[in-house]
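Chain and residue survey
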Amino acid sequence: MSSRQHAMTRRRFCLCCAAATTVAARGGWLSPSQAYAEARTLVDLIRDDAAKAPIKVHKLRSDVCILEGSGGNIAMLAGTDGKVFIDGGITATKRRILEAANSLSPDPIKHLINTHWHFDHTDGNEWLHGEGAAIVAHENTRKHLLAAQRVEDWNFNFPPSPPAAIPAEVISAEKTLMLNRTTLRLKPYGPAHTDGDISVSFAEADILHTGDTFWNGIYPFIDYSTGGSIGGMIKAAESNVAAVGNNTIVIPGHGQPVSNKAELSAYRDMLVAIHENVTRLKQQGRSIEETVAARPTAAFDAKWGQFVITPEFFTRLVYHGA
Ligand SMILES: [Zn+2]
């Protein structure tokens with residue numbers, strides 16, 4: 001698939017990206033009521049589109065696979081303890097997710113781990129819980145799902161999640177689960193993309209799901225409204241690079257879903273270089289508009305700027321935390 005087709009396909013499922021496109025297309029910020037009206041439509045659009053979306057299965061190893069096409073990349077571990085989902089995707093894809101999951105094994109869905117609170121990773125929580133999944137997440141993820149959230153850079157207000165979507169078990173430090181003869185390590189990053197990001201590793205299979213601390217080959221969103229920052233994103237990228245070996249399969253939150261240490265390292269290097277460029281301009285006293293005009297991402301745009309977090313939008317996100 002060409003990168004353009006890839007962008008078009010993925011755009012339909014990712015709220016942050018769709019909202020970013022709206023902002024970029026308008027060339028400015030909307031009034032809160034305009035933004036709300038527009039974003040409501042976007043959520044409906046994304047849900048309608050997701051209902052028609054194909055789910056692509058990537059089989060990895062040791063009964064772990066990726067389900068691609070429902071918001072963030074979903075990982076699934078099958079086995080007699082019941083299926084374990086890492087992230088829940090978007091509700092409208094329920095039927096296709098179930099079809100894909102049932103085609104891989106007959107085990108019921110028993111566990112769901114959320115990498116963070118964002119809509120495109122937790123919208124499916126309610127139906128997955130209805131299937132029998134116990135939900136685990138960082139304590140800040142639970143906090144954000146319990147209350148209405150305004151995400152400034154999406155210009156969007158999210159309502160509280162329904163009770164069935166709320167994680168019953170929360171963590172604030174590393175936790176190990178033994179399920180399906182697999183050691184699952186849940187590890188908080190500290191504030192990075194949000195303030196509730198965790199990684200999930202499958203120890204024996206040597207697979208790491210990074211949540212949205214890693215967007216493979218595309219500029220990432222950073223959610224300052226709930227504790228994210230460029231500095232936190234760089235720290236998380238450093239810890240991801242340190243945590244993996246040359247044989248590790250790395251699953252990013254977004255972007256081509258089967259990744260590795262080399263791509264993770266290139267992503268870390270991109271974040272560090274752009275942060276340095278933007279920091280230098282900000283320290284020279286340049287305004288955000290002057291910094292955008294100076295194109296501090298130019299050397300990276302051909303590779304990383306082809307998705308819907310545009311070079312301009314990413315520059316603004318970095319400037320905010322530089
Ligand atoms: Zn996210």
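The following refers to the structure shown. In this text, all values refer to a predicted model and were calculated from it rather than measured experimentally. The residue numbers shown here count from 1 along each chain, following its written sequence. pLDDT decides what is reported in this predicted model: residues at 70 or higher carry local features, side-chain atom pairs at 80 or more are listed and counted, and totals for whole chains, interfaces and linings draw on all residues regardless. Values shown for side chains rest on all heavy atoms present in the structure; no hydrogens or waters enter the calculation.

Axis definition: a line fitted to C-alpha atoms, limited for helices to the stretch in contact. Angles are taken between N-to-C directions and run from 0 to 180 degrees. Secondary structure counts use DSSP, requiring at least four H or I residues in a row for a helix and at least two E residues in a row for a strand, with both numbered from the N terminus. Helix α9 (residues 261-283) packs onto helix α8 (residues 230-243) with a crossing angle of 155° between their chain directions and a minimal axis gap of 9 Å. Compared by their axis directions, α8 and α9 come out roughly antiparallel. For the element pair α8 and α9, the recorded crossing hand is left-handed. Contact residues: Ile230, Met233, Ile234, Ala237, Glu238, Asn240 and Val241 in α8; Lys261, Leu264, Ser265, Tyr267, Arg268, Leu271, Val272 and His275 in α9. In the contact of α8 with α9, the residues fall into nine nonpolar, three polar and three charged. Angle categories: roughly parallel below 35 degrees, roughly antiparallel above 145, roughly perpendicular from 65 to 115, and oblique for all the rest. Two helices that cross are described as forming a left-handed crossing if the nearer one is turned anticlockwise from the farther one by less than a right angle, and a right-handed crossing if clockwise. Only heavy atoms enter the contact rule, under which two residues are in contact if any of them lie within 4.5 Å. By the convention adopted, Pro, Cys, Tyr, Trp, Phe, Met, Ile, Leu, Val and Ala count as nonpolar, Lys, Arg, Asp and Glu as charged, and the other residues, Gly among them, as polar.

The subject of this paragraph is helix α7 (residues 139-146). Three- or four-residue spacings in an α-helix give side chains the same orientation, since the helix completes a turn every 3.6 residues. Within the span of α7, buried status applies to Asn140, Thr141, His144 and Leu145. Down the axis of α7, the sector holding all buried residues measures 135°, keeping them to one side. On its buried face, α7 is in contact with α5 (119-122), α6 (125-131), β6 (134-138) and β7 (149-151). The rule is simple: take the accessible area with a 1.4 Å probe, protein chains only, and divide by the maximum for that residue type; under 20% is buried, over 50% is exposed, in between is partly exposed. Taken from the helix axis, the directions to the C-beta atoms give the arc we talk about.

Any nitrogen, oxygen or sulfur atom within 2.8 Å of a metal ion counts as a donor, with the limit raised to 3.2 Å for Na, K and Ca, and since water is left out, coordination shells can look unfinished. With distances of 2.2 Å, the protein atoms coordinating the zinc ion are His116 (NE2), His118 (ND1), His193 (NE2) and Asp212 (OD). The motif formed by the donor residues of the zinc ion, counted along the single chain, is H-x1-H-x74-H-x18-D. One end of the pair, His193, is in the loop between β11 (182-188) and β12 (198-202); the other, Asp212, is in the loop between β13 (207-209) and β14 (215-216), with 19 residues separating them in the sequence. Relative accessible area serves as the criterion here: at 1%, Asp212 is assigned to the buried category.

We now examine the sheet that holds β6. Whether two strands pair depends on DSSP finding at least two bridges between them. Strand order in this open sheet of seven strands is β1-β2-β3-β4-β5-β6-β9, and the pairing throughout is mixed. Edge positions in the sheet fall to β1 (56-59) and β9 (169-171), since each has one partner strand and no second. The average angle at which neighbouring strand axes cross in this sheet is 20°, direction not considered. Taken strand by strand, α7 contacts β6 and β9, and its axis lies near 105° from that of β6.

Residue position: Pro162 is located in the loop between β8 (156-158) and β9. Taking relative accessible area as the criterion, Pro162 reaches 31% and is therefore assigned partly exposed.

Bringing the pattern of salt bridges into the picture now. Between Lys or Arg on one side and Asp or Glu on the other, a salt bridge is scored when a side-chain nitrogen of the former is within 4 Å of a carboxyl oxygen of the latter. Applying the stated rule across the entire model yields seven salt bridges. Where Glu99 meets Arg95, a salt bridge forms, and the shortest distance between an N and an O atom there is 2.9 Å. Residue Glu99 and its partner Arg95 are both found in helix α4 (residues 94-104); the two are separated by four residues, about one turn of the helix. For Glu99, a relative accessible area of 45% corresponds to the partly exposed category. Of the charged contacts in the structure, one is a salt bridge between Glu289 and Arg316, with a shortest N-O distance of 3.0 Å. Pair noted here: Glu289 is in helix α10 (residues 288-293) and Arg316 is in helix α12 (residues 311-321), with a separation of 27 residues, a long-range link. Within the structure, one salt-bridge network assembled from shared partners comprises Glu238, Arg268 and Asp269.

By the alternation rule, side chains of strand β3 (residues 74-77) split into Ile74 and Met76 and Ala75 and Leu77, which are all buried. As defined by bridge partners, strand β2 (residues 64-68) adjoins β3 across four bridges and the pair is classed as antiparallel. Within β3, the residue paired with Leu67 across the bridge is Ile74. What sits between the antiparallel neighbours β2 and β3 is a turn of five residues, in which Gly69 has the positive phi angle 125°. Here β3 runs beside strand β4 (residues 83-86); their pairing, made up of three bridges, is antiparallel. Bridge pairing in β4 places Ala75 opposite Ile86. Connecting β3 to the antiparallel partner β4 that follows it, the hairpin turn spans five residues, and Gly79 within it adopts a positive phi of roughly 160°.

To continue, consider the pairing of strand β5 (residues 109-113). Pairing between β4 and β5: four bridges, direction parallel. Following the sheet pairing, Lys83 is matched in β5 by Ile109. Chirality of the crossover, the property in question, places the unit of β4, α4 and β5 among those that are right-handed. The pairing of β5 with β6 spans three bridges and is classified as parallel. Considered in β6, the bridge of His111 is made with Ala134. Handedness of a crossover is defined as follows: orient the strands so they point away from the viewer, and if the path from the first strand over the helix to the second runs clockwise, the crossover is right-handed.

With that out of the way, let us pick up the sheet that holds strand β15 (residues 249-251). Here five strands make up an open sheet; going across it, the order is β10-β11-β12-β13-β15 and the pairing mixed. Here the strands that pair on one side only, and so sit at the sheet edges, are β10 (175-179) and β15. Taking each pair of neighbouring strands and ignoring which way they run, the sheet shows an average axis angle of 20°. Sheet topology places β10 next to β11; five bridges connect them, and they run antiparallel. Along β11, the bridge assignment pairs Met178 with Thr183.

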